[in-house]
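Secondary and tertiary structure notes
Here's the letter readout for the chains.
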Amino acid sequence: MKNEQIKLFLVDDDAVFLKSLEIEFLQHADFAIETYATGELCLANLSHNPDVIILDYHLDGIDKSAINGMETLDKIKIYNQDIPVVMLSSQDKIEVAVNCMHHRAFDYVVKSETAFTRLQKIINTIFRYKKMEKELNWYMERM
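Read on for an overview of the structure. (Residues numbered from 1 in each chain as written. Predicted model: local features only at pLDDT ≥ 70, side-chain atom pairs only at ≥ 80, totals over all residues. Heavy atoms only, no water.)

Digging into the environment of Glu40
Along the chain, Glu40 falls in helix α2 (residues 39–44). The sequence separation of Glu40 and Ala66 amounts to 26 residues, and the corresponding C-alpha distance is 7.5 Å. Not counting residues up to four positions away in its chain, the partners in contact with Glu40 are Ala66 and Ile67. (Helix = DSSP H or I, 4+ residues; strand = E, 2+ residues; numbered from the N terminus. Contact = heavy atoms within 4.5 Å.)

Structural data, given as structure tokens:
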């Protein structure tokens, strides 16, 4: 992904948190960022081919009838199972994290003052993994 921006979807119904996360990412790296306040808007724009989606667990702050983060995650995985999705939540409960992993989230981050740093490290891990996968496929094709 040399010289290409990483396309990042940020999905959260907390407008202040969403904006602060967007600003942090724009200040620290060269990302193409799209922000969405609902899972429905995120799903409607999956054709924009995000490289990574950071998705809030609840997503019901704006519209109580909106689909939650887990439903959104399931629909993203139906659309394209290879899109890495990192779940965000203010809940620091192991069962919530385990549930996210059962639904094929790449990782789970608790909203806190260290959330941005954790997200940066996770995104770096995702792209190191993708690079290793490409190299492995290249070698496998030549065997």
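After that view, the rundown keeps rolling.
Points about the nonpolar core
With 21 residues, the main nonpolar core has Leu8, Leu10, Leu21, Phe25, Ile54, Leu119 and Ile123 as its most contacted residues. Contributing elements (two or more residues each) for this core: β1 (6–11), α1 (15–28), β2 (31–36), β3 (52–56), β4 (85–89) and α5 (115–141). Looking at which element gives the most residues to this core, the answer is α5, with seven residues. Core analysis: the next-biggest nonpolar cluster, separate from the first, contains 20 residues, Phe9, Tyr57, Ile83 and Ala97 among them. (Core = buried A, V, L, I, M, F, W, Y, C linked by side-chain atoms within 4.5 Å. Buried < 20%, exposed > 50% of the residue type's maximum accessible area, 1.4 Å probe, protein only.)

Considering helix α3 (residues 69–79)
Those residues of α3 that fall on the buried side of the exposure criterion are Gly69, Met70, Thr72, Leu73, Ile76 and Lys77. Buried residues in α3, looked at end-on, bunch into an arc of 160°, giving them a common side. On the buried face of α3, the contacting elements are α2, β3, β4 and α4 (94–102). With a side-chain oxygen positioned 3.0 Å from the backbone nitrogen of Met70, the residue opening α3 is Asn68. (Arc of directions from axis to C-beta. Polar contact = N/O pair within 3.5 Å; in protein donor to acceptor, adjacent residues only side chain to side chain.)

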